[in-house]
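# Examining the three-dimensional arrangement
Chain by chain, the residues run as shown.
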Amino acid sequence: VQLQASGGGLVQAGGSLRLSCAASGRTFSRNGMGWFRQAPGKEREFVAAISWSGGIIYYADSVKGRFTISRDNAKQMVYLQMNSLKPEDTFVYYCAMRGSNSGTVSYYDHEYDYWGQGTQVTVSS
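From a predicted model like this one, the values you see are computed outputs, not experimental measurements.

What is meant by a disulfide is a covalent connection between two cysteines, made through their sulfur atoms. On inspection of all chains with the given rule, the structure shows 1 disulfide. Put simply, Cys-21 and Cys-95 are joined by a disulfide, and their sulfur atoms are 2.1 Å apart. Handedness of the Cys-21-Cys-95 disulfide follows from its S-S torsion of about 60 degrees: it is right-handed. Here Cys-21 is found in strand 3 (residues 17-23), whereas its partner Cys-95 is found in strand 9 (residues 91-97), with 74 residues between them in sequence. Note on Cys-95: relative accessible area 0%, which makes it buried.

Printed below as a string of structure tokens:
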């Protein structure tokens, strides 16, 4: 399984970005997906997660109402639409996939088996 995240960049506060994560491998549609973010020297933090069917979604309180996670199993893609961005949203964002056909969601990074390379999001004030 390989995950490739893209869509990061520099945006002004109040702007929007859409992150994409392309997955290879046959098990994508059976596994829960998540987005996490990390600043240099800091712990990785949970952003959002979506179950295999898209029927269960979790968000961190800090992004609730501004970010939307979605997935397209046919295309093996997961997305993170980020609106009303703030300078404190500046991080490297990672997509992750749970393994072992675990289709449920999780807040915990240690419950994800596969990780993308990360994409930088910088929000200027």
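Residues Trp-35, Leu-80, Met-82 and Tyr-93 are the most contacted members of the largest nonpolar core, which totals 35 residues. Dropping the residues within four chain positions of it, Leu-80 is found in contact with Leu-17, Arg-18, Leu-19, Trp-35, Val-47, Ala-48, Phe-67, Thr-68, Ile-69 and Tyr-93.

Right, let's get into the sheet that holds strand 7 (residues 67-72). Strand pairing in a sheet takes place through backbone hydrogen bonds and is either antiparallel or parallel in direction. Pairing within the open sheet is antiparallel, and its 4 strands lie in the order 1-3-8-7. Two strands bound the open sheet, and with one partner strand each, they are strand 1 (3-6) and strand 7. Taking the axes of each pair of neighbouring strands and ignoring which way they run, one obtains an average angle of 15 degrees across the sheet. Here 6 bridges tie strand 3 to strand 8 (residues 77-82), and the two strands are oriented antiparallel to one another. Looking at strand 8, one finds that Leu-19 is bridged to Leu-80.

All chains considered together, the criterion is met by 8 aromatic pairs. An angle of 75 degrees between the planes, with centres 4.9 Å apart, marks the rings of Phe-46 and Tyr-107 as edge-to-face. Taken together, the residues Phe-46 in strand 5 (residues 45-50) and Tyr-107 in the loop between strand 9 and strand 10 (114-115) connect sequence positions 61 residues apart. Ring geometry for Phe-91 and Tyr-93: centres 6.3 Å apart, planes at 85 degrees, overall edge-to-face. No difference in accessibility class separates Phe-91 from Tyr-93, as the two residues are buried. Sitting over the ring of Phe-28, Arg-71 keeps its end group 4.5 Å from the ring centre.

Relative to the helices and strands, Arg-66 is located in the loop between strand 6 (57-59) and strand 7. Judged by its relative accessible area of 11%, Arg-66 falls in the buried class. A polar contact of 2.9 Å, which involves the side chain of Arg-66, links it to the backbone oxygen of Ser-62. A polar atom in the side chain of Arg-66 sits 3.0 Å from the backbone oxygen of Ser-84.

What follows deals with unusual backbone geometry. Not every positive phi belongs to a glycine, and Gln-76 is a case in point at roughly 55 degrees. Looking at where Gln-76 falls in the secondary structure, it is placed in the loop between strand 7 and strand 8. You will see that Ser-84, though not glycine, has its phi angle at about 50 degrees, which is positive. Positionally, Ser-84 belongs in the loop between strand 8 and strand 9. Owing to a relative accessible area of 41%, Ser-84 belongs among the partly exposed residues under this scheme.

How each quantity is defined
Residues numbered from 1 in each chain as written. Predicted model: local features only at pLDDT ≥ 70, side-chain atom pairs only at ≥ 80, totals over all residues. Heavy atoms only, no water. Disulfide = S-S within 2.5 Å. Helix = DSSP H or I, 4+ residues; strand = E, 2+ residues; numbered from the N terminus. Buried < 20%, exposed > 50% of the residue type's maximum accessible area, 1.4 Å probe, protein only. Core = buried A, V, L, I, M, F, W, Y, C linked by side-chain atoms within 4.5 Å. Contact = heavy atoms within 4.5 Å. Pairing = 2+ DSSP bridges. Axes fitted to C-alpha atoms, helices over the stretch in contact; angles between N-to-C directions. Phe/Tyr/Trp six-rings, centres within 6.5 Å; stacked < 30°, edge-to-face > 60°. Lys NZ or Arg CZ within 6 Å of the ring centre and 35° of its normal. Polar contact = N/O pair within 3.5 Å; in protein donor to acceptor, adjacent residues only side chain to side chain.

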